[in-house]
Amino acid sequence: MDDAVRSYVDAIPAEHRELFDRVHRLVLEAHPDAGLRLSYKMPTFRVGKRNLYVGAWKHGVSLYGWGSGHDAGFTERHPELLAGRGTIRLRPEDAERITDDELRDLARAVLDA
């Protein structure tokens, strides 16, 4: 993890750090080859030309960066988490009911698309 990403991660409020760390771990389990850098002022996982942006906000963690149909059915199963086109807003209480497999599948779908 480069210094810019490390600084971003270190600044995540404690109440959201566990969720961010979980998403980070699951993305890397799905794609160990993913590069990680800061883009648009947030950590961005990159595989080839595909990006998955993961930002920590006051509500929790948001994931961005995929086209329609490239989310492994995640937004169809969890429409209440869709906060806009290609944006999932995960609050810690929402994330409790999302399985690790679902998040790994989402990461694969986004980064394999």
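As the structure is a computational prediction, the values presented were derived from the model and not from experiment.

Asks: Whenever I open this one, the nonpolar core confuses me. Can you help?
Replies: Side chains that are nonpolar tend, in soluble globular proteins, to be buried together. Judged by nonpolar contacts, the single largest core of 32 residues is most densely connected at L52, V54, L63, I88 and L90. Put simply, the parts of the chain that give this core at least two residues each are α1 (3-10), α2 (14-30), β2 (42-47), β3 (50-56), β4 (61-64), β6 (87-90) and α5 (100-112). Top contributing element to this core by residue count: α2, with six residues.

Asks: Can you help me understand the environment of H16 in this one?
Replies: Looking at the secondary structure, you find H16 in helix α2. With near-sequence residues (within four places) excluded, H16 lies in contact with W57, K58, H59, G60, V61 and P92. A polar side-chain atom of H16 sits 3.0 Å from the main-chain carbonyl oxygen of K58.

Asks: What's the story with the packing of aromatic side chains in this structure? I'm lost.
Replies: To describe a pair of aromatic rings, you give the distance between the ring centres and the angle between the ring planes. Counted according to the given criterion, the structure contains one aromatic pair. Arranged with centres 5.7 Å apart and planes meeting at 70°, the rings of Y40 and Y53 form a pair that is edge-to-face. Of this pair, Y40 sits in the loop between β1 (35-39) and β2 while Y53 sits in strand β3, and the two are 13 residues apart along the sequence. On the basis of relative accessibility, which here comes to 66%, the residue Y40 falls in the exposed class.

Asks: Please explain the pattern of salt bridges as it appears in this structure.
Replies: If charged atoms from side chains of opposite charge come close, those side chains can pair. Tallied over the entire structure, the rule returns 13 salt bridges. In this structure, E29 and R104 form a salt bridge, with 2.6 Å as the shortest nitrogen-oxygen distance. Here R104 lies in helix α5 and E29 lies in helix α2, a separation of 75 residues in the sequence. Of the residues examined, R104 reaches a relative accessible area of 16% and is grouped as buried. D101 serves as the salt-bridge partner of R104, at 2.6 Å between the closest nitrogen and oxygen. Placement of the pair is R104 and D101 together in helix α5, with a separation of three residues, close to one helical turn. Here D101 falls in the partly exposed class, since its relative accessible area comes to 48%. Each of R22, R25, E29, D100, D101 and R104 takes part in a single network of salt bridges with overlapping partners.

Asks: It is not clear to me how the pairing of β1 should be interpreted in this structure. Could you clarify?
Replies: Every other side chain in a regular strand lies on the same face of the sheet, so the side chains alternate between the two faces. Where β1 lies against β2, five bridges are found, and the strand directions are antiparallel. Within the sheet, the bridge partner assigned to G35 lies in β2 and is R46. Counting the residues that bridge the hairpin from β1 to β2 gives two residues, and of these Y40 lies at a positive phi of roughly 55°.

Thresholds, definitions, all that
- Residues numbered from 1 in each chain as written.
- Predicted model: local features only at pLDDT ≥ 70, side-chain atom pairs only at ≥ 80, totals over all residues.
- Heavy atoms only, no water.
- Core = buried A, V, L, I, M, F, W, Y, C linked by side-chain atoms within 4.5 Å.
- Buried < 20%, exposed > 50% of the residue type's maximum accessible area, 1.4 Å probe, protein only.
- Helix = DSSP H or I, 4+ residues; strand = E, 2+ residues; numbered from the N terminus.
- Contact = heavy atoms within 4.5 Å.
- Polar contact = N/O pair within 3.5 Å; in protein donor to acceptor, adjacent residues only side chain to side chain.
- Phe/Tyr/Trp six-rings, centres within 6.5 Å; stacked < 30°, edge-to-face > 60°.
- Salt bridge = Lys/Arg side-chain N within 4 Å of Asp/Glu carboxyl O.
- Pairing = 2+ DSSP bridges.

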